[in-house]
Amino acid sequence: MSSPSDSPACDRVFTIDPVALKYGHGALSELGFEAIALGLRRIFLVTDRRLRSLPPVQTALASLQAAGCDVVIHEITQLEPTDDSFKTAAAAAKEANPDGYVSIGGGSVIDTAKAANLYATHPTGDFLDYVNPPIGGGKAIPGPLKPHLACPTTAGTGSETTAVAIFDLVGARVKTGISSRLLRPTKAIVDPTATYSAPAGVVACTGFDVLTHALESYTARPFTSRPLPDSPALRPPYQGANPWSDGGALRAIVLGGQYLERAVHDPADTEARDWLCFAATLAGLAFGNAGVHLPHAMSYSVAGLKHDHHAPGYQDEKAMIPHGLSVVINAPAVFRFTAASDPMRHLRAAQALGADVEFDEDALDDAGEYLALRLEEMMRATGIPNGLSALGYDHGDIPALVEGCWQQQRLLTLSPVKVTRADLAELYGAALHYWDDTPPAATVPAPAPRKKEKGKKRR
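All residue numbers refer to position in the chain's written sequence, counted from 1. The model is predicted, so local features are restricted to residues of pLDDT at least 70 and side-chain atom pairs to those at 80 or more, both for listing and for counting; the totals for chains, interfaces and linings are taken over all residues. By convention in this description, side-chain values take in all heavy atoms of the structure and omit both hydrogens and water.

S.K.: Got a minute to help me understand the overall build of the chain in this structure?
M.R.: Every helix listed is a DSSP run of H or I at least four residues long, and every strand listed is a run of E at least two residues long, numbered separately from the N terminus. Within the chain, the regular secondary structure consists of 16 helices and eight strands. To get the radius of gyration, use the C-alpha atoms; to get the globule rule, take the number of residues to the power 0.38 and multiply by 2.2 Å. Expected size for 459 residues packed as a compact globule is a radius of gyration near 23 Å; at 21 Å, the chain falls within 12% of this value. Taking the principal axes of its C-alpha atoms as reference, the chain extends roughly 70 × 55 × 40 Å. Residues counted as buried form 58% of the 459 residues belonging to the chain. When the accessible surface of the chain is split by element, carbon and sulfur atoms take 54% of a total near 17700 Å². Side chains of the chain give 41 positive and 50 negative charges; the mean places of these two sets differ by 4 Å. Per-residue accessibility, obtained with a 1.4 Å probe over protein chains only, is compared with the maximum for each type, and a residue is labelled buried under 20%, exposed over 50%, and partly exposed between these values. In short, Shrake-Rupley with a 1.4 Å probe defines the accessible areas, and a residue's cover is counted only from the protein chains shown. The charged-residue count follows a simple rule in which Lys and Arg add positive charge and Asp and Glu add negative charge, with His and chain termini not counted at all. Note on charges: their place is set at NZ of Lys, CZ of Arg, CG of Asp or CD of Glu.

Next comes the structure, spelled out in structure tokens:
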């Protein structure tokens, strides 16, 4: 734990607002009980049209109906929500006038339910009023929202535990979001069996979202380095690395390193998918309080500027760059850049992820390489594209990528290294291409740090 700063201008307090959690096989079959316990009789249920006929939604509906609940179903028709899809869901929710909300799906579904709840409960004159600055007005949500039971069907986003709702602001060609503790679901109902039907490509993308959540929250600037808020009410949901979040983040990194590749390569490996689901829950609880930083900040323009990529597992969707892919594609470049801020913390993360490393002075000097190379190894093994160039970007796109990222100040301020536009340009350039295209060996050797000139430190 970082020692409190001697400066009275720095904060010495962090807060934990965990979402109530029900976890385990069969948890979805108890959804009706949970709804009635909250006094919900009329429910606005948000799901994905692809999930509507699959077991998770059918199990949830049967449980709600057996409990006597009246259910209004809203199906989203595309992944990666937009401002228009949020507005559509909010209008439908306002017309339904429910007692509360249930979301069954991935992060897009859960975020849509959060937004529908917000805008139907507290309408505002301009949709951007609640959106994070500098893109939106950052208006405070005026009061509590209606109860929301969030039921994830992917192991990745952690949206069931977080206080944010992310969307694509189509006109501005950038992703942004809404952030408030009041957006946190009332309870997360996490049933690992709901993730079993996810295709391998979806497991890879969402699984790397798990890992980057955990890695970023663990390597974020310490909460003791954050400016003291003018009022306790203004302490942000994302507060920086802290002892409570560190434990969950490190455990999630360990589980991701052990089980992500197995979960991608063998759909029948339910043990791997179970543990990856638990890792997602741990990572969500961790970053929901500590926050995420550069890989996520950079991801929003990566996903927002180009819409012509068809990722494996998402072929039936409109062309897009899935969120987890847009994040991890930046991560190796970022961790090489941030390692100097706290080499020991980066080295611990690399070891937790599975890098073969001994803790000595030389290893500390190469902490960012160990972490980056282990990530690259896992990316190659699970079919993640080789850098931004594989998604259609080139050097000419870097200025636009930088400007889109620069608008994500809420996340950039959590970086352990203060960044400039020039730094971001270098990071996007480094993320264009990572490895040669020779197919990896059947058994990939443990990564070794890259050689560098003596006396030359990496940033």
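More follows now that the structure is in view.
S.K.: I keep staring at the packing of helix α8 (residues 294-305) against helix α16 (residues 421-430) and nothing clicks. Help me out?
M.R.: Contact geometry for α8 and α16: axes closest at 12 Å, N-to-C directions at 75 degrees. Taken together, α8 and α16 sit at an angle that is classed as roughly perpendicular. Contact residues: Leu294, Met298, Ser301 and Val302 in α8; Leu424, Leu427 and Tyr428 in α16. For helices, the fitted axis covers only the stretch in contact; all axes are lines through C-alpha atoms, and the angles between them, taken along N-to-C directions, range from 0 to 180 degrees. Orientation is classified from the angle alone, with under 35 degrees giving roughly parallel, over 145 giving roughly antiparallel, 65 to 115 giving roughly perpendicular, and any other angle giving oblique. Two residues qualify as a contact provided that any one of their heavy atoms is within 4.5 Å of a heavy atom in the partner residue.

S.K.: Even after reading the chapter, I still don't get the nonpolar core, so can you show me in this structure?
M.R.: Taken as a class, soluble globular proteins show a tendency for nonpolar side chains to be buried jointly. Residues enter a nonpolar core if they are buried and are Ala, Val, Leu, Ile, Met, Phe, Trp, Tyr or Cys, with the set joined through side-chain atoms within 4.5 Å. Phe208, Val302, Leu388, Tyr393 and Tyr428 are the most contacted members of the largest nonpolar core, which has 89 residues in total. For this core, the element with the highest residue contribution is helix α5 (residues 200-219), accounting for 10 residues. Not counting chain neighbours up to four residues away, the residues in contact with Tyr393 comprise Ser301, Val302, Leu305, Lys306, Ile321, Leu388, Leu401 and Leu432. Residues Ala35, Leu45, Val71 and Val102 belong to the second largest nonpolar core, which totals 20 residues.

S.K.: Would you explain a negative patch on the surface in this entry?
M.R.: Residues form patches when they are more than 30% accessible in relative terms and have no salt bridge. Like charges link within 9 Å. Nonpolar side chains (Val, Leu, Ile, Met, Phe, Trp, Tyr) link within 5 Å. Salt bridges, as used here, are contacts in which a Lys or Arg side-chain nitrogen is within 4 Å of a carboxyl oxygen on Asp or Glu. Judged by side-chain charge, Asp356, Glu358, Asp360, Glu361 and Asp362 come together as a negatively charged surface patch. Inspection of the secondary structure assignment puts Glu358 in the loop between α11 (343-353) and α12 (361-365).

S.K.: For this particular structure, what's the right way to read helix α14 (residues 398-406)?
M.R.: Every α-helical turn comprises 3.6 residues, leaving residues that sit three or four positions apart pointing alike. Ile398, Leu401, Val402, Gly404 and Cys405 are the residues of α14 that are buried. Down the axis, α14 shows its buried residues gathered within 165 degrees of arc, on one side only. In this fold, the buried residues of α14 make contact with β7 (174-179), α8, α15 (409-412) and α16. Regarding the arc, it is the one traced by the directions from the helix axis to the C-beta atoms.

S.K.: Help me understand helix α10 (residues 331-338), please; the structure alone is not making it clear to me.
M.R.: Along α10, eight of the eight residues are buried, which leaves the element largely enclosed by surrounding structure. Three or more residues of α10 are buried, namely Ala331, Pro332, Ala333, Val334, Phe335, Arg336, Phe337 and Thr338. Buried residues in α10 make contact with α5, α8, α9 (323-328), α11, α13 (367-381) and α16.

S.K.: Please explain the sheet that holds strand β3 (residues 70-76) as it appears in this structure.
M.R.: Neighbouring strands of a sheet are bound in pairs by backbone hydrogen bonds; such pairs are parallel or else antiparallel. By this definition, two strands are paired if DSSP reports at least two bridges between them. Taken in spatial order, the six strands line up as β1-β8-β5-β4-β2-β3 in an open sheet, and their pairing is parallel. Strands with a single pairing partner mark the edges of an open sheet, and in this sheet they are β1 (20-23) and β3. On average, adjacent strands in this sheet sit at an angle of 20 degrees to one another, irrespective of strand direction. The pairing of strand β4 (residues 100-105) with strand β5 (residues 148-152) spans five bridges and is classified as parallel. Among the inter-strand pairings, Ile104 is bridged to a residue of β5, identified as Cys151. Strands β2 (42-48), β3, β4 and β5 of the sheet are contacted by helix α4 (residues 107-121), whose axis makes an angle of about 165 degrees with β4. The strands touched by helix α7 (residues 270-290) within the sheet are β1 and β8 (187-190), with β1 carrying the most contacts at an inclination of about 180 degrees.

S.K.: What exactly am I supposed to notice about the side chain of His309 here?
M.R.: For His309, the location among the structural elements is in the loop between α8 and α9. Note on His309: relative accessible area 13%, which makes it buried. Non-local contacts of His309, meaning those with residues more than four positions away in its chain, are made with Ala319, Met320, Ile321, Leu325, Pro385, Ala390 and Leu391.

S.K.: How should I be thinking about the packing of helix α6 (residues 243-265) against α7 in this particular structure?
M.R.: Relative orientation and spacing of two packed helices are given, respectively, by the angle between their axes and the distance between those axes. The interhelical angle for the contact between α6 and α7, taken along N-to-C directions, is 150 degrees, at an axis separation of 8 Å. The orientation of α6 with respect to α7, classified from their angle, is roughly antiparallel. Once α6 is placed against α7, the crossing between them reads as left-handed. Gly counts as polar in this scheme, as do all residues outside two lists: the nonpolar Ala, Val, Leu, Ile, Met, Phe, Trp, Tyr, Cys and Pro, and the charged Asp, Glu, Lys and Arg. Class assignment for the residues of the contact of α6 with α7 results in 17 nonpolar, four polar and four charged. Two helices cross in a left-handed way if the nearer one is turned anticlockwise from the farther one by less than a right angle. They cross in a right-handed way if the turn is clockwise.

S.K.: Mind showing me how you'd approach the packing of aromatic side chains here?
M.R.: Ring pairs (aromatic) are described by centroid distance and by the angle formed between their planes. Any two rings among Phe, Tyr and Trp, with Trp reduced to its six-membered ring, count as a pair given centres within 6.5 Å; such a pair is stacked if its planes are under 30 degrees apart, edge-to-face if over 60, and tilted if neither. Overall, the coordinates contain 11 aromatic pairs when judged by the stated rule. Taken together, a centroid distance of 5.4 Å and an interplanar angle of 75 degrees make the contact between Tyr23 and Phe278 edge-to-face. Taken as a pair, Tyr23 in strand β1 and Phe278 in helix α7 lie far apart in primary sequence, 255 residues in all. Classification of Phe278 as partly exposed rests on a relative accessible area of 27%.

S.K.: Hey, could you run me through the pattern of salt bridges in this one?
M.R.: Should their charged atoms come close, side chains of opposite charge can pair. A complete count under the given rule lists 22 salt bridges for this structure. The partner of Glu271 in a salt bridge is Arg262, and the shortest N-O contact between them spans 2.8 Å. By relative accessible area, Arg262 is classed as partly exposed at 33%. Counted as one network, the salt bridges with shared partners bring together Lys22, Glu30, Glu34 and Lys187.

S.K.: When you look at the environment of Ala311 in this model, what are you seeing that I'm missing?
M.R.: Inspection of the secondary structure puts Ala311 in the loop between α8 and α9. With 150 residues separating them in the primary sequence, Ala311 and Thr161 have C-alpha atoms 26 Å apart.

By themselves, these figures tell us nothing about what the structure is for.
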